[in-house]
Amino acid sequence: MMNSTKMRWPAVQPAPAAGMWRRQLLIGLVFGYVGVLIIAPLAALISGAFSEGLGAIIYALSQPDVLAAFWQTLFIAVIVVVLHTVFGTMMVWVLVRDHFPGQRLLNALVDMPFAVSAVVVGYMLLLLFGRNGVLAPLLAMFDIKVAFALPGMILATLFVTLPFMVRELIPVLKSFGIQQEQAAATLGASGWQTFWLVTFPALRWGFVYGIILTFARALGEFGAVLVIGGGIQGRTETATLYIFRALDERMYVGAYSAALVLGLLSLSLVLGTELFRRWRE
Amino acid sequence: MKNRFIVILLTLIISVVLAGCGQPAETGSTESVQGAKTLILGAYTTPREAYGKLIPIFQTRWQQKTGQEITFEESYLGSGAQSRAIVEGFEADVTALSLEADVIRIKDAGLITHDWQATPTKGMVSNSIVVLGVREGNPKNIHDWADLAQPDLEILTPNPKTSGGAQWNILALYGAARRGFVDSVPAHDEAAAQAFLSAVLNNVTVMDKGARESIITFEKGIGDVIITYENEMMVGQQNGQKYEYIIPRSTILIENPVAVVDASVDKHGTREAAEAFVDFLMTPEAQEIFAEFGLRSVDPAVAQATAEHYPPVEDLFTIEEFGGWSQATPTFFGDEGIFTRTISQLQRRS
């Protein structure tokens, strides 16, 4: 059942002896490329964080404003993941299984966050929810605060993370097809039973990857939450905004160690999923 | 058809619920402690170290006087960006910005209703001047504005659209040239002054969003010269930075305003505390702390007492040189302003 959704690597062809140096050169080149792009900055970050020893890192990370910033980030990320899991599933369902006018438009709109700069997203939300925004009278009537408050930051993060879940699930649902669902239906299963017992299990890796990517992207969001949140210390400050402020305040150990924690968090998510997947098979 | 409708409906419900549930949680936290108050400070980027020392002192004073505990929420952005954020709905109780024009924007939006300049200092809380920061030992031999036009020089100054400091920088440079303190520019020659501005801007390699970001970029080793506030250089040196700064013969007096935002304090019920905080900032005690962090005091007695750290400038002019901010803003930074035109010409050429 998994085979239909899993990628298969072609078997490695044994290289002829004459092509040996070429192969080594290629591998070296690829390593160099990854080294320059990823490993070197990561090493610099680690050495920066540890420049004043482990004690300084622990001190910097245990400051109340730093902890608040990390909680804020995690809270937003969890909310965003939950909402995108629910609505992403609905959206994938109508995009793959249904046909209706405007479907292509909807499909294209899902990708918009890839193309729009996060800062622009922040400003769009300000135009909507700001004091002079389109929805300002409505918000004032119910005394709801969106801009420069948590709801605005959640909306901004929802916007930038929209495509990840949908784009992970669509190919999986497409390749799964409808035969098994039809079989379940002929055996007398209800719509919900079919979804929970047949379709959902088939999509589970799509969900896992979608959740991981959404979560990782939400952790790292900066521009949109800065514009809509205003970066108020201890209130609308996420971990990335803290890093930005710490650099401005010349608190380099704080900035680097917070950056390192964020980076390790994302990295362990990605590696953890990979290990979990191997272990399961 | 029916499905789509349900999806749309659910989206709406969730967004309303989401917006609703964020709100009570926040107001709840500020009101949960009996008698506790929160003041929100919306400031520009450079005096943050000074406020870091001033706020705890005010908190103690306030508690002694009223028995009330007061907490602060601080936000530091480029002056223009901060001013726009407040206009867009960031409910700062007190705003401390780089220049008067940014407070006027908030006033024009109807959020400041009292006469905020009816104080002995006309609403100003600190002064500074525009200086030129250079690398240790001044390897590029920079001594005055005129040296900034030489070819192959890399200059940093923030973006005037977001940073108040940047506007001061441009006006200082332009004013010095127009007043005859740049050798190649005859006094009162607008065309020559604009040509000089263009030559200097041509050397600008990085335009950060705020004065603080600009100096952090300089500290990373980028650029030969940074045009910035005197207080930024002094705070950097206090933090162990090895750069030096040069006070040009002619430069502008930077005057930084502070104001209570009426709309916010009335909504939060924090007027008393906000006004007390602004009053506190004007006391000799607070003014000495500003002076400690590189800002020239607006209190004459404190200014005199700290004069040894703040050398006099040969030709110090004010914003009145340009007819005040009400004229300087459109003349230089408006869509057809001198700065706007010059920078877009340079961009088109490159």
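All of these numbers come straight from a predicted model, not from anything done at the bench.

A. Quick look at the overall build of chain A. In terms of regular secondary structure, chain A is built from 13 helices and 0 strands. Element order for chain A, N to C, with α for helix and β for strand: α-α-α-α-α-α-α-α-α-α-α-α-α. For chain A, the spread of C-alpha atoms along the three principal axes comes to 70 × 60 × 30 Å. In chain A, which comprises 281 residues, the proportion classed as buried is 42%. Residue pairs in contact within chain A that sit at least 24 positions apart in sequence constitute 73% of those at least 6 positions apart. Just so you have it, chain A exposes about 15,600 Å², and 73% of that area is on carbon and sulfur atoms.

B. Examining the overall build of chain B more closely. When helices and strands are counted, chain B shows 14 helices and 11 strands. Within chain B, contacts between residues at least 6 apart in sequence are counted, and of these 74% link residues at least 24 apart. Of the roughly 14,700 Å² of accessible surface on chain B, 54% is carried by carbon and sulfur atoms.

C. Inspection of unusual backbone geometry at higher detail. Residues and elements named next belong to chain B. Here the phi dihedral of N141 falls at roughly 60 degrees; this positive angle occurs in a residue that is not glycine. Mapping N141 onto the fold places it in the loop between strand 4 (124–134) and strand 5 (155–156). Judged by its relative accessible area of 49%, N141 falls in the partly exposed class. The backbone phi angle of H188 is positive, close to 65 degrees, even though this residue is not glycine. Structurally, H188 can be placed in the loop between helix 5 (164–178) and helix 6 (190–202). In this structure H188 comes out as exposed when scored by relative accessible area, which is 70%.

D. Summary view of the domain arrangement of chain B. Residues and elements named next belong to chain B. Taken domain by domain, chain B holds domain 1 (34–125 + 256–304) and domain 2 (127–255 + 312–349). For domain 1 and domain 2, the distance between their C-alpha centres works out to 27 Å. The interface is formed by 25 residues belonging to domain 1 together with 26 residues belonging to domain 2. Each partner contributes to the roughly 1,900 Å² buried at the junction of domain 1 and domain 2, and carbon and sulfur atoms together form 48% of this total. At the surface where domain 1 touches domain 2, the tally comes to 2 salt bridges. R296 is the partner of E230 in a salt bridge, and the nearest nitrogen-oxygen pair spans 2.7 Å. Inspection of the region where domain 1 meets domain 2 yields 12 residue pairs in polar contact (both at pLDDT 80 or more). Per-element accounting of the side of domain 1 that touches domain 2 gives the leading share, 4 residues, to helix 3 (residues 79–88). Its residues assigned to classes, the side of domain 1 that touches domain 2 comprises 9 nonpolar, 9 polar and 7 charged.

E. View of the interface of chain B and chain A. Taken together, the contact between chain B and chain A spans 38 residues of the former and 32 residues of the latter. Interface area, chain B with chain A, both sides summed: about 3,200 Å², of which 59% is carbon and sulfur. Notably, a salt bridge pairs A:R235 with B:E73, separated by 2.8 Å at the nearest N-O pair. The interface formed by chain B and chain A includes 10 residue pairs in polar contact (both at pLDDT 80 or more).

F. Broad picture of the packing of aromatic side chains. With the rule as written, the count across this model stands at 29 aromatic pairs over all chains. The interplanar angle of 70 degrees and the centroid separation of 5.1 Å between the aromatic rings of B:F58 and B:F277 together place this pair among those described as edge-to-face. With a gap of 219 residues between them, B:F58 in helix 2 (residues 48–66) and B:F277 in helix 10 (residues 271–282) connect regions that are remote in the sequence. Pairwise contacts between aromatic rings join B:Y51, B:F58, B:W62, B:F72, B:F277, B:F280 and B:F290 into one cluster. In this arrangement the basic side chain of A:R97 is found over the ring face of A:W93, its NZ or CZ atom lying 5.1 Å from the centre. Sitting over the face of the ring of B:F218, B:R135 holds its NZ or CZ atom 3.8 Å from the ring centroid.

G. Representation of the nonpolar core within the structure. Residues B:Y51, B:W145, B:L148 and B:F277 are the most contacted members of the largest nonpolar core, which totals 79 residues. Shared between two domains, this core takes at least three residues from each, and those domains are domain 1 (34–125 + 256–304) and domain 2 (127–255 + 312–349) of chain B. With sequence-adjacent residues up to four places away left out, B:L148 is seen in contact with B:L132, B:I142, B:L153, B:I155, B:L173, B:V200, B:N203, B:V225 and B:I227. Residues A:A224, A:I228, A:L241 and B:V103 belong to the second largest nonpolar core, which totals 41 residues.

H. Region of the structure containing the confidence of the model for chain B. Residues and elements named next belong to chain B. Looking at chain B as a whole, the pLDDT averages 89, with 90% of positions reaching at least 70. Throughout residues 12–34 the model reports pLDDT below 50, and contacts reaching past four residues in sequence, or to other chains, amount to 18 contacts. Predicted as a complex, the structure gets a pTM of 0.79 and an ipTM equal to 0.72.

I. A look at the pairing of strand 1 (residues 37–43) of chain B. All names here are of chain B. Extensive coverage of strand 1 is indicated by the burial of 6 of its 7 residues. Note: strand 1 against strand 2 (residues 70–76), 7 bridges, orientation parallel. Along strand 2, the bridge assignment pairs T38 with T71. Considered for its hand, the β-α-β crossover made up of strand 1, helix 2 and strand 2 is right-handed.

J. The arrangement of helix 14 (residues 338–349) of chain B in detail. Residues and elements named next belong to chain B. Counted at 1.5 Å a residue, the expected span for helix 14 with its 12 residues is 16 Å, and the 17 Å between its end C-alpha atoms agrees. Residues of helix 14 that are buried include every one of I338, F339, T340, T342, I343 and L346, and no others. For helix 14, the secondary structure elements touched by its buried residues are helix 5, helix 6 and helix 13 (325–333).

K. A look at the packing of helix 13 of chain B against helix 14 of chain B. Residue and element names in this part refer to chain B. With their axes 4 Å apart at the nearest point, helix 13 and helix 14 run at an angle of 15 degrees to one another. Taken as axis vectors, helix 13 and helix 14 run roughly parallel relative to one another. Here T331, F332 and F333 of helix 13 lie close against helix 14, whose contacting residues are I338, F339 and T340.

Here is what the cut-offs are and how they apply
Residues numbered from 1 in each chain as written. Chains lettered and ligands numbered in written order. Predicted model: local features only at pLDDT ≥ 70, side-chain atom pairs only at ≥ 80, totals over all residues. Heavy atoms only, no water. Helix = DSSP H or I, 4+ residues; strand = E, 2+ residues; numbered from the N terminus. Buried < 20%, exposed > 50% of the residue type's maximum accessible area, 1.4 Å probe, protein only. Contact = heavy atoms within 4.5 Å. Areas by Shrake-Rupley, 256 points an atom, 1.4 Å probe, with all protein chains shown as cover. Domains from an automatic or database assignment. Buried area = accessible area lost by both parts, 1.4 Å probe. Salt bridge = Lys/Arg side-chain N within 4 Å of Asp/Glu carboxyl O. Polar contact = N/O pair within 3.5 Å; in protein donor to acceptor, adjacent residues only side chain to side chain. Nonpolar A, V, L, I, M, F, W, Y, C, P; charged D, E, K, R; others polar. Phe/Tyr/Trp six-rings, centres within 6.5 Å; stacked < 30°, edge-to-face > 60°. Lys NZ or Arg CZ within 6 Å of the ring centre and 35° of its normal. Core = buried A, V, L, I, M, F, W, Y, C linked by side-chain atoms within 4.5 Å. pLDDT = per-residue confidence, 0-100. Pairing = 2+ DSSP bridges. Right-handed = clockwise from strand over helix to strand, strands pointing away. Expected span 1.5 Å × (residues − 1). Axes fitted to C-alpha atoms, helices over the stretch in contact; angles between N-to-C directions. Parallel < 35°, antiparallel > 145°, perpendicular 65-115°, else oblique.

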